[in-house]
Amino acid sequence: MRARIRQGLRSSPRQQGGRRRRAVSAAAAVAIGAMTLGALSAPQASAARPDAVQQALNTLVRDDGMPAALASVQDRNGRTRTYTAGVGDLTTGSKVPRDGQVRIGSNTKAFTAVVVLQLVGEGKIGLDASVDTYLPGLVRGEGIDGRRITVRRLLQHTSGLPDYSDYLGDDVRYYAPHELLATALQHPADFAPGTSWKYSNTNYVLAGLIVQKVTGRPLAEEIDRRVVRPAGLRHTYFPAPGDASIREPHPHGYYREPADAPLRDITEIDPSWGWAAGQMVSTGSDLDRFFSALLAGHLLPAAQLAQMRSTVPAEATFGPGARYGLGLVSRPLPCGGLSWGHGGSFPGYETRGGATDDGRAANVAVTMQLTDEAGRRNLERAVDTALCR
């Protein structure tokens, strides 16, 4: 028997896929008989009364049934506060590790896009060159032709390529990137390139393959060499093939289906089916540091950062007022201005967050994928509260 896992790598649960992915064997999915929420933790700088961010995390645990919630909030002066609520391991009742590592899902796309855009700045990739320029003859299918799809359209989700994650089977195993692409190419295009917008993880698998072809090195090495180390991200990594664990202190991730079933621990899972679209592990503070460094121009030349921030409407997936650039999402804040980030959803974890041009940053994670609108609103409200405090 396998536990059915809601389709992962959705940047926002508003995206409709309809199909669900089975991703964990019974041996790896430990049923939890009863959920104990435990104490709601105070922030590092404790106060007699929880502040607004802590209250938002408490709501996610108390009202939305999240086993745990974590937040990292950076102010305009670069000072960071971390928050936790709930229980890190429902079996042992252990505390939620402050700034613990989580699977960051589609936040990985922003890292992949930065590498591609660095190579654009170096003249090694043309943003408006076709996929066939780098992977000749590889991308063909019903209504699909790599000669008509540009690199920009991959990064912006305007290629029309079907999403492979809608069609993956039941096997819990390692998936090679070319297998993921082949799965997508068995299905017709969603639309002609450049004529519409639709979120598809297949776009970023292709972007990762282009990086490998151009550099001659694995994508994981390029992300580490070009982004993780330069940005000083000490707790961020791209899991190696076969690595189903999370290296550093982390809250356990859980899954439940149907709604009244016991929670299952799915912390350890082969993440290879996410690859360039969603395989990475990080912490809230590292994500704050990454998006802040990106907006400050420390990871990309000005011309490529401007391209990354050139957006198209993406409200159907990311909510009211949201727009999608090249691996980067903008969302309007209730206090004015925009936050820039991405967000990610992976079995066991959901993350939201972003940074602002004036130096604020926040990331919030919970240890279950969200499936209801109230939970989604509360998670996004927690991020808005952190950025607008």
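All of the points below concern the structure found in this document. (Residues numbered from 1 in each chain as written. Predicted model: local features only at pLDDT ≥ 70, side-chain atom pairs only at ≥ 80, totals over all residues. Heavy atoms only, no water.)

1. Re the side chain of Ser72
Link 1 in the chain: Summarising the element assignment, Ser72 is placed in strand β4 (residues 68-74).
Link 2 in the chain: A polar atom in the side chain of Ser72 sits 3.4 Å from the backbone nitrogen of Ser285.
Link 3 in the chain: Side chain to side chain, Ser72 and Asp288 meet in a polar contact 3.1 Å long.
Link 4 in the chain: For Ser72, the residues in contact, after removing those within four places along its chain, are Thr80, Arg81, Thr82, Asp99, Gly284, Ser285, Asp288, Ala361, Ala362 and Asn363. (Helix = DSSP H or I, 4+ residues; strand = E, 2+ residues; numbered from the N terminus. Polar contact = N/O pair within 3.5 Å; in protein donor to acceptor, adjacent residues only side chain to side chain. Contact = heavy atoms within 4.5 Å.)

2. As for the pairing of strand β18 (residues 361-366)
Remark: a regular strand shows side chains that alternate across the two faces of the sheet.
Link 1 in the chain: Among the 6 residues in β18, 6 count as buried, and that is most of the element.
Link 2 in the chain: Where burial is concerned, the two faces of β18 agree: the one with Ala361, Asn363 and Ala365 and the one with Ala362, Val364 and Val366 are both buried.
Link 3 in the chain: In this structure, β4 lies alongside β18, joined through 6 bridges in antiparallel fashion. For Ala71, the partnering residue across the bridge sits in β18 and is Val364. (Buried < 20%, exposed > 50% of the residue type's maximum accessible area, 1.4 Å probe, protein only. Pairing = 2+ DSSP bridges.)

3. Focus on unusual backbone geometry
Link 1 in the chain: Residue Glu257 is joined to Pro258 through a cis peptide bond whose omega torsion reads 0°.
Link 2 in the chain: Looking at the secondary structure, you find Pro258 in the loop between β9 (254-255) and β10 (263-265).
Link 3 in the chain: Of note in the backbone geometry, Asp99 takes a positive phi value of approximately 55° without being a glycine.
Link 4 in the chain: Tracing the backbone through its elements, the reader meets Asp99 in the loop between β5 (80-86) and β6 (102-103).
Link 5 in the chain: If you check the backbone angles, Trp275 has positive phi at about 35° while not being a glycine.
Link 6 in the chain: With respect to the helices, strands and loops of the structure, Trp275 is situated in helix α7 (residues 275-278).
Link 7 in the chain: By relative accessible area, Trp275 is classed as buried at 8%.

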